[in-house]
Amino acid sequence: QVQLQESGPGLVKPSQTLSLICTVSGGSVTTSYYYWSWLRQPPGKGLEWMGAVGYDGSNYYNPSLKSRTSISRDIANNHISLQLYSVTPEDTAVYYCARGMPRGAGPVSLTDFAAAGQGTQVTVSS
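Residues numbered from 1 in each chain as written. Predicted model: local features only at pLDDT ≥ 70, side-chain atom pairs only at ≥ 80, totals over all residues. Heavy atoms only, no water.

**Considering the overall build of the chain**
At step 1: What the chain contains, in helices and strands, is zero helices and eleven strands.
At step 2: Starting at the N terminus, the α and β elements of the chain follow one another as β-β-β-β-β-β-β-β-β-β-β.
At step 3: Here the C-alpha radius of gyration of the chain, 13 Å, is about what a compact globule of 126 residues would show, namely 14 Å.
At step 4: Reported as C-alpha extents along the three principal axes, the dimensions of the chain are approximately 40 × 35 × 25 Å.
At step 5: The 126 residues of the chain split such that 40% are buried.
At step 6: Nonlocal contacts in the chain, meaning residues at least 24 apart in sequence, comprise 56% of its contacts between residues at least 6 apart.
At step 7: On the chain, roughly 6,400 Å² of surface is accessible, and the fraction owed to carbon and sulfur atoms is 49%. (Helix = DSSP H or I, 4+ residues; strand = E, 2+ residues; numbered from the N terminus. Rg over C-alpha atoms; globule rule 2.2 N^0.38 Å. Buried < 20%, exposed > 50% of the residue type's maximum accessible area, 1.4 Å probe, protein only. Contact = heavy atoms within 4.5 Å. Areas by Shrake-Rupley, 256 points an atom, 1.4 Å probe, with all protein chains shown as cover.)

In structure tokens:
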């Protein structure tokens, strides 16, 4: 059973880069047809899918975040990385990693995914 754990700094200054890691256990990031997503939920708002990396290294991004987001996989360490550039206080959120892809263009729920981490709070503030 795949388990996911997010980690990274809880506080990032405006204009800097937010960097998070999702450690995968019980499975491999290269398992065929597995996709690995990052999502976030700002305070008082709904869950937003940010993007994903596939088992083959392919990338998929939310168009609204594509210019500031990079998602990659580290095969040696079996983890998934997220980088969000030029952050602002509006990027304050709980960030989640999950296995799978959104079902469609509608509202996103963690129950849409085969597995998800517990989430990590990131605050953008000077």
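What follows continues from the structure just given.
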